[in-house]
Amino acid sequence: MKIHLKVWRQSGPNQKGRLEDLEVKDVSPDSSFLEMLDVVNEGLEERGKEPIVFDHDCREGICGACSLNINGVPHGPDRQTTTCQLHMRSFKDGDTIVVEPFRARAFPVIKDLMVDRSAFDRIIQAGGYVSVSTGGVPDANGLPVAKDDADEAFENAACIGCGACVATCKNASASLFVSAKLSHLRLLPQGKVEAKTRVLNMTQQMEEEGFGACTNTGDCEAVCPKGIAMKNISSMNVDLIKSLLQS
Amino acid sequence: MKLNAKIPSGPIQDKWDHHRFSMKLVNPANKRKHKVIVVGTGLAGASASASMAELGYQVETFCFQDSPRRAHSIAAQGGINAAKNYQNDGDSIWRLFYDTVKGGDYRSREANVYRLAQVSVNIIDQCVAQGVPFARDYSGLLDNRSFGGAQVSRTFYAKGQTGQQLLIGAYQALSRQIHAKNVRMHPRTEMLDLIIVDGKARGIVVRDLVSGSISSHMADAVVLASGGYSNAFYLSTNAMGCNVTATWRAHRKGAGFANPCYTQIHPTCIPVAGEHQSKLTLMSESLRNDGRIWVPKKKGDTRKASDIPESERDYYLERRYPSFGNLVPRDVASRAAKERCDAGYGVGPSGLGVYLDFAQSIDRLGQEAIEARYGNLFDMYQKITGENPYQSPMRIFPAPHYTMGGLWVDYNLMSNVEGLFVIGEANFSDHGANRLGASALMQGLADGYFVLPYTIGDYLAQSDLEKVSEDHAEIRKAEQETSDRIKKLLYTKGSRSVDSFHRELGRLMWDACGMSRTQSGLKEALKKIPEIEENFWNQVSVTGSEGSMNQNLEKAGRVADFFEFGKIMLHDALAREESCGGHFREEHQTSEGEAKRDDENFSHVSVWEYTGANQTPVMHKENLEFEYVKPTQRSYK
């Protein structure tokens, strides 16, 4: 396959960026999108030029490091697929592909396609946990959890923290990410205890980080590589109002 | 090099309890005064950081990823073992201990393994209390499955994402401590050297990957939780960033490297598709619970799998190992697949593949049941290969996956360098020559939650640790060497990419030191590595600057260390004139092609000492005593 790439190049957080045109020949349809970029980068290195910077690590769709807006869509055209699991067979010979970083005020660009998503870590630090220390906990089977609750908690805990939900949202809202964590913990008896303070602390941190508000457009659910459901956002809002009224 | 394993005396079941009582404690008010550095935030590093911070130590934690949540433990799929015996099927601490020593082909340290089995039960309690959503049955109680060669169901799991769920649990515990300011977290920061002052590990040199600046961090003890070295093979199931630099740099500073030739080749991975391939993808071996492995009985059979009748299929694992069948341990399953493919029975375009077939399970249990168990794995397979595994069998082939070797540690998880602790996959201690499925997660969390937080206190309580001044000569020297190395890479200005060298090294390592090894192949590779390494230093193209984000430079530094490391892997494989676990020397096999151990001469840990660049390393031995599990020929027939 032959591909025409338009790639965002930006040398630093405060520098101006631009789209660079690159022709890529002999692309194997069986290669992944990132392997295609690897080939481009090797070519650049051989010619003494700086390769394109992008975050990636596990390349199995689970670590959440890879990002990229591909033709305007976070993680590209395939549903429930991270960029690293996207393969070139999803494109046609001769296609032009525009590759940009995830864009949001709370995700500043570091270089080229790499952005800083540490805002997500700070939201978790504000309360995305059960406050237990190591040791002194009851037997794991001491407290039964209804299978449906455990399964739903798992589905929400499957979030990989990639930030696609923010990148696609016209308000750059982190509501899907935050609500998934709240649901994961609230559905389990171990996490229920702190549910009220958790929703207050995490949503407050979300606002402080500069994420926008949710206006229910549903783009987040559509691009989420792990299929996290939007209904979590309604649950979060209900819990938030309850907590605010009580506090 | 002095190797004292410091195994406590007394009966094995009492060793850990007695040891915990005899260890010195640090007064709660004094814990605040001690600082500990942790490198890596996988299961071992994150759990250790959180647990030590909870106890009151000041912790500084480093990872090269943009967030501690992305460490490669996250990709572990199948599950975590624990001797809970919830299924009432005869499991016990003794049985888990026995299975692990046997599975490791009698090359691990009994006392460590027993302790691992003991604390396994606490891990599950801890994770559930953190809100880890393990699979449950309709009673609301935890579900278990049998896994990787075990005849009891002791594996706890969360679909095919157990590593993710456990890591998120540990990451959240760590996040809580970061919020409480008990842990200072340094993401996107890579350790490039170890600082030793007066014989004790006291700090590390790091590079801030965003700004490119080099700095040093000092502490009372350094904990390495930096994972394994499978990427020495270039193609492996490890993440792209996994590397040997932290442990290799510590080795260069005096830490013994134990059993580097013990590498695990995982039997159920997706076969290589082509030259462009950057990594291999593993699919949980839990698939072997319901999938049957076969190849055609006819050589070079190119018919579609569905066109090959039952009578013309060779279910070679069931044929060779009737009692364990498709569930034989990883090393055995991998070698059997290689044997069939080498003999010309392999399937797929490259001939390097065997079928993993679910048709009968789907008939028996229904597609829905299979989807519930393995849905995400089937989806992943389809995304990568473009084939639907519900309709035609998967094709699988073995791939490098985990490394049992690592820095040598004593019973307290301290290396031979005082104050340098090594946990998780980065150490060598618990898996011998072969790791059983679902035991890596168990070991990482055992070390981090329940072993290191105790043993490090004993060290800190007894050690005389004077403050090291900021301009100490050792700090300046380590920083200078690090910076010189970076400059050397940048000033080469060659025209070959870093990846091209990594691929060349990887192919050499895979051919000479992969699933089977020979004396001549290993010797040949030992001659070749220095040639490729020299080319690397003369021809590599590392562009960009040192003072900014530079992924090319990061990669070049890691590959340079893999060149140095590859040599001790080969030396170790050459010195171990026997076959055991993942180490298979063709010269040492039974008439049936099974691994042939030599307990008389090789019942020891091989610990390598660094003697200088391009010098032959020196090997030291820790003899292994088997008091409770008598070594036998490992048989799964």
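1. Notes on the overall build of chain A
- Counting secondary structure elements, chain A contains nine helices and seven strands.
- By its C-alpha atoms, chain A is 60 × 35 × 35 Å across when sized along the principal axes.
- Split into buried and exposed, the 247 residues of chain A put 58% on the buried side.
- The contacts in chain A between residues at least 6 apart in sequence include a share of 69% that link residues at least 24 apart.
- By element, 49% of the accessible surface of chain A is carried by carbon and sulfur atoms, the whole surface being about 9,900 Å².
- For chain A, the distance from the average site of its 27 positive side-chain charges to the average site of its 34 negative ones is 5 Å.

2. Topic: the domain arrangement of chain B
All names here are of chain B.
- Here the domain parsing of chain B yields domain 1 (270-400) and domain 2 (473-600).
- Each of domain 1 and domain 2 has a C-alpha centre, and these two points are 31 Å apart.
- In this assembly, domain 1 packs against domain 2 so that about 840 Å² is buried in total across both faces, 53% of it on carbon and sulfur atoms.
- The interface formed by domain 1 and domain 2 contains two salt bridges.
- Linking domain 1 to domain 2 there are three residue pairs in polar contact (both at pLDDT 80 or more).
- For the side of domain 1 that touches domain 2, the secondary structure elements donating two or more residues are helix H9 (330-342) and strand E15 (394-403).
- Top element by residues in the side of domain 1 that touches domain 2 is H9. It accounts for four residues.
- Considered class by class, the residues forming the side of domain 1 that touches domain 2 number four nonpolar, one polar and five charged.

3. Considerations on helix H3 (residues 43-55) of chain B
Residues and elements named next belong to chain B.
- An ideal rise of 1.5 Å per residue puts 18 Å on 13 residues; H3 measures up with 18 Å between its terminal C-alpha atoms.
- Among the 13 residues that make up H3, eleven are buried, leaving the element largely enclosed by the rest of the structure.
- Here H3 has its buried residues at Leu 43, Ala 44, Gly 45, Ala 46, Ser 47, Ala 48, Ser 49, Ala 50, Ser 51, Met 52 and Ala 53.
- Considering only its buried residues, H3 is in contact with strand E1 (35-39), strand E2 (58-62), helix H6 (162-179), strand E5 (183-186), strand E9 (221-224) and helix H12 (440-462).
- Looking one or two residues past H3, Gly 56 carries a phi angle of roughly 120 degrees, positive in sign.

4. Quick look at the pattern of salt bridges
All names here are of chain B.
- Here the structure, examined in full by the defined rule, presents 65 salt bridges over all chains.
- Here Arg 319 ties to Asp 314 by a salt bridge, and the two come within 2.9 Å at their closest N and O atoms.
- By relative accessible area, Arg 319 is classed as partly exposed at 47%.
- Among the residues examined, Asp 314 registers a relative accessible area of 8% and is labelled buried.

5. Things to note about the interface of chain A and chain B
- Contact with chain A, which involves 71 residues of that partner, is made by 78 residues of chain B.
- For the pair chain A and chain B, the summed buried surface comes to about 6,100 Å²; carbon and sulfur atoms form 51% of the total.
- In this assembly, chain A and chain B are joined by five salt bridges.
- Summed over the shared surface of chain A and chain B, the result is 44 residue pairs in polar contact (both at pLDDT 80 or more).
- For the side of chain A that touches chain B, the secondary-structure elements that each account for two or more residues are helix H1 (33-46), strand E6 (109-111), strand E7 (114-115), helix H2 (118-125), helix H3 (147-157) and helix H5 (175-186) of chain A.
- Along the lines of polarity and charge, the residues of the side of chain A that touches chain B split into 33 nonpolar, 19 polar and 19 charged.

6. A word on the state of the cysteines
- Tallied over the entire structure, the rule returns zero disulfides over all chains.
- For Cys 63 of chain A, which is in no disulfide, the shortest distance to another cysteine sulfur is to Cys 58 of chain A and amounts to 3.7 Å.
- By relative accessible area, which is 3% here, Cys 63 of chain A ends up buried.
- Unpaired in this structure, Cys 127 of chain B has its nearest cysteine sulfur neighbour in Cys 159 of chain A, at a distance of 19 Å.

7. Focus: the pairing of strand E6 (residues 189-197) of chain B
Residue and element names in this part refer to chain B.
- Counting buried positions along E6 yields nine of nine residues, so the element is predominantly enclosed.
- Where E6 meets strand E7 (residues 200-208), eight bridges bridge the pair, whose relative direction is antiparallel. Its bridge partner being in E7, Met 191 is matched across the sheet by Val 206.
- Hairpin connection, E6 to E7: the antiparallel pair is bridged by two residues, and Asp 198 has positive phi, about 50 degrees.

8. Digging into the domain arrangement of chain A
All names here are of chain A.
- The domain architecture assigned to chain A consists of domain 1 (3-110) and domain 2 (117-246).
- One C-alpha centre belongs to domain 1, the other to domain 2, and the line joining them spans 29 Å.
- Approximately 1,500 Å² of surface area, both sides summed, lies buried where domain 1 meets domain 2, with 63% of it carried by carbon and sulfur atoms.
- Looking only at domain 1, the three residues that lose the most surface to domain 2 are Gln 80, Ala 106 and Phe 107, adding up to 34% of its buried area.
- Between domain 1 and domain 2 we count one salt bridge in total.
- Between Asp 55 and Arg 117 there is a salt bridge; the shortest N-O distance is 3.6 Å.
- Counting the contacts that link domain 1 with domain 2 gives three residue pairs in polar contact (both at pLDDT 80 or more).
- Grouping the amino acids of the side of domain 1 that touches domain 2 by side-chain chemistry returns ten nonpolar, seven polar and four charged.

9. Re the sheet that holds strand E14 (residues 354-357) of chain B
Residues and elements named next belong to chain B.
- The antiparallel open sheet is built from five strands, whose spatial order is E11-E15-E14-E12-E13. Edge positions in the sheet fall to strand E11 (263-269) and strand E13 (313-314), since each has one partner strand and no second.
- Where strand E12 (residues 292-296) meets E14, three bridges bridge the pair, whose relative direction is antiparallel. Note on E14: the bridge partner recorded for Trp 294 is Tyr 355.

What counts, and where the lines are drawn
Residues numbered from 1 in each chain as written. Chains lettered and ligands numbered in written order. Predicted model: local features only at pLDDT ≥ 70, side-chain atom pairs only at ≥ 80, totals over all residues. Heavy atoms only, no water. Helix = DSSP H or I, 4+ residues; strand = E, 2+ residues; numbered from the N terminus. Buried < 20%, exposed > 50% of the residue type's maximum accessible area, 1.4 Å probe, protein only. Contact = heavy atoms within 4.5 Å. Areas by Shrake-Rupley, 256 points an atom, 1.4 Å probe, with all protein chains shown as cover. Lys, Arg positive; Asp, Glu negative; His and termini not counted. Charge placed at Lys NZ, Arg CZ, Asp CG, Glu CD. Domains from an automatic or database assignment. Buried area = accessible area lost by both parts, 1.4 Å probe. Salt bridge = Lys/Arg side-chain N within 4 Å of Asp/Glu carboxyl O. Polar contact = N/O pair within 3.5 Å; in protein donor to acceptor, adjacent residues only side chain to side chain. Nonpolar A, V, L, I, M, F, W, Y, C, P; charged D, E, K, R; others polar. Expected span 1.5 Å × (residues − 1). Disulfide = S-S within 2.5 Å. Pairing = 2+ DSSP bridges.

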